[in-house]
Amino acid sequence: MNVNTCPAAAIAATRRAVGLPRHVRLRNGAPAQLRAVRSDDAKRFGAFFARLSAASRGERFGRGLEAACSPAMLVDLVNVDGVRHVAFVATLRLDHDEELIGEARYDVAADGDSAELALVVADSWQGQGLADQLLDLLLEAARHAGLRRLVCEVPASNRRAIRFMQRMGFVAGAPGADRLVLRMERSVASRVPPAPAPRAVDMLRRWLNNQFFQFGF
């Protein structure tokens, strides 16, 4: 992994590379912002956690959690170094604040080549393309950091999440011993290779064809 010896420089380089903050438009037309997690996001995370359904909360943070996020968990959620622990949030602009509606993060594994990802979108904002954009941003950051693979664990019963991860290029491995969780992974290499630049002869051929069609030949 290409971890810079100066964490501050590595964080700044990654943020420049992925173009943060990033303003996006969701499928329903709502404007949202994607940015790195900040230390002042603790209160926003608390409200976000409380708004999640029990199912979404359990799949992201584990079963059996109360609706209120503990102070220790809030500290962990915002305490990221931007190098080995990278986290992004999606927010909506309010009059004097922001509403957190999604988060994505990864923790680099001991091997330095892979990282474990986690992603969750507020229930009322699911289906708007936000998960795609957050995961694309996470993959982009991992690519710039020199990581090779992202991995995640998905409940085997959550067919929707499994289909989403497969659509995003993840491949499911063998289920764990309890067969309740699927481990999925993918390379962080670009999903779609860049198209080759058109050759001059191809451009000329297309131009000539257009002329023929224009004059009815």
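Only a predicted model underlies this, so the values are computations on that prediction, with no experimental measurement involved.

**Points about the nonpolar core**
Step number 1: Phe45, Tyr106, Leu117, Leu150, Met165 and Phe170 are the most contacted members of the largest nonpolar core, which totals 57 residues.
Step number 2: Counting residues per element, this core draws most heavily on helix α5 (residues 130-144), at nine residues.
Step number 3: The residues touching Phe170, leaving out its near neighbours within four places in the chain, are Leu117, Leu135, Leu150, Cys152, Met165, Met184, Glu185 and Arg186.

**Looking at the packing of aromatic side chains**
Step number 1: Counting across every chain of the model gives two aromatic pairs.
Step number 2: Centre to centre, the rings of Phe45 and Phe48 are 6.5 Å apart; their planes meet at 75°, and the pair counts as edge-to-face. Of the two residues, Phe45 and Phe48 are both situated in helix α2 (residues 42-51); the distance of three residues between them amounts to about one turn of the helix. In terms of burial, Phe45 and Phe48 fall into one category: buried.
Step number 3: Between the NZ or CZ atom of Arg57 and the centre of the ring of Phe49, over which it lies, the distance is 5.6 Å.
Step number 4: Positioned above the aromatic ring of Phe61 is the side chain of Arg60, whose terminal nitrogen or guanidinium carbon lies 4.4 Å from the ring centre.

**A look at the pairing of strand β3 (residues 85-93)**
Step number 1: A large share of β3 lies buried, amounting to seven of its nine residues.
Step number 2: As paired elements, strand β2 (residues 31-36) and β3 share four bridges and run antiparallel to each other. Across the sheet, residue Ala36 finds its bridge partner in β3, namely Phe88.

**What to know about the packing of α2 against helix α4 (residues 71-78)**
Step number 1: Relative to each other, α2 and α4 sit at 115°, their axes nearing to 9 Å. Crossing angle aside, the handedness with which α2 passes α4 is right-handed. Every residue of α4 that contacts α2 at Ala42, Phe45, Gly46 and Phe49 is listed here: Met73, Leu74, Leu77 and Val78.
Step number 2: Of the residues that constitute the contact of α2 with α4, the class distribution is seven nonpolar, one polar and no charged.

**Considerations on the confidence of the model for the protein chain**
Step number 1: Considering every residue of the protein chain, the mean pLDDT works out to 83; 78% of them sit at 70 or more.
Step number 2: Every residue in residues 1-5 scores below 50 in pLDDT, and together they form 14 contacts with partners more than four places removed in sequence or on other chains.
Step number 3: Confidence over residues 211-217 falls short of pLDDT 50; this stretch has one contact with residues more than four positions distant or in other chains.

**Regarding the environment of Pro21**
Step number 1: Structurally, Pro21 is set in the loop between α1 (7-18) and β1 (22-25).
Step number 2: Taking the C-alpha atoms as reference, Pro21 lies 5.7 Å from Leu34; in sequence the two are 13 residues apart.
Step number 3: When sequence neighbours within four positions are dropped, the list of residues in contact with Pro21 reads Gln33, Leu34 and Arg35.

**A few points about α5**
Step number 1: For α5, which comprises 15 residues, the first-to-last C-alpha distance of 21 Å matches the rise-based estimate of 21 Å (1.5 Å per residue) to within 8%.
Step number 2: For α5, the full list of buried residues reads Leu130, Ala131, Asp132, Leu134, Leu135, Leu137, Leu138, Leu139, Ala141 and Ala142.
Step number 3: Backbone geometry just after α5 places Gly146 at a positive phi near 85°.

**Quick look at the side chain of Arg186**
Step number 1: Structurally, Arg186 is set in strand β8 (residues 181-187).
Step number 2: Buried within the structure, Arg186 lacks any salt-bridge partner; Asp136 is the closest side chain of opposite charge, at an N-O distance of 6.0 Å.
Step number 3: For Arg186, the side chain forms a polar contact with the main-chain oxygen of Met168, separated by 2.8 Å.
Step number 4: In terms of polar contacts, Arg186 uses its side chain to reach the backbone carbonyl oxygen of Ala189, at 2.8 Å.

**Description of the pattern of salt bridges**
Proximity of charged atoms lets side chains of opposite charge pair with each other.
Step number 1: All chains considered together, the criterion is met by 16 salt bridges.
Step number 2: Residues Asp132 and Arg167 are paired through a salt bridge, measuring 2.7 Å at the closest nitrogen-oxygen approach. Of this pair, Asp132 sits in helix α5 while Arg167 sits in helix α6 (residues 159-167); the two residues are 35 residues apart in sequence, bridging distant segments of the chain.
Step number 3: Residue classification places Arg167 among the partly exposed residues on the basis of a relative accessible area of 48%.
Step number 4: Linked through salt bridges whose partners overlap, the residues forming this network are Arg35, Arg38, Asp40, Asp41, Arg44, Asp97 and Glu98.

How each quantity is defined
Residues numbered from 1 in each chain as written. Predicted model: local features only at pLDDT ≥ 70, side-chain atom pairs only at ≥ 80, totals over all residues. Heavy atoms only, no water. Core = buried A, V, L, I, M, F, W, Y, C linked by side-chain atoms within 4.5 Å. Buried < 20%, exposed > 50% of the residue type's maximum accessible area, 1.4 Å probe, protein only. Helix = DSSP H or I, 4+ residues; strand = E, 2+ residues; numbered from the N terminus. Contact = heavy atoms within 4.5 Å. Phe/Tyr/Trp six-rings, centres within 6.5 Å; stacked < 30°, edge-to-face > 60°. Lys NZ or Arg CZ within 6 Å of the ring centre and 35° of its normal. Pairing = 2+ DSSP bridges. Axes fitted to C-alpha atoms, helices over the stretch in contact; angles between N-to-C directions. Left-handed = near helix turned anticlockwise from the far one by under 90°. Nonpolar A, V, L, I, M, F, W, Y, C, P; charged D, E, K, R; others polar. pLDDT = per-residue confidence, 0-100. Expected span 1.5 Å × (residues − 1). Lys, Arg positive; Asp, Glu negative; His and termini not counted. Salt bridge = Lys/Arg side-chain N within 4 Å of Asp/Glu carboxyl O. Polar contact = N/O pair within 3.5 Å; in protein donor to acceptor, adjacent residues only side chain to side chain.

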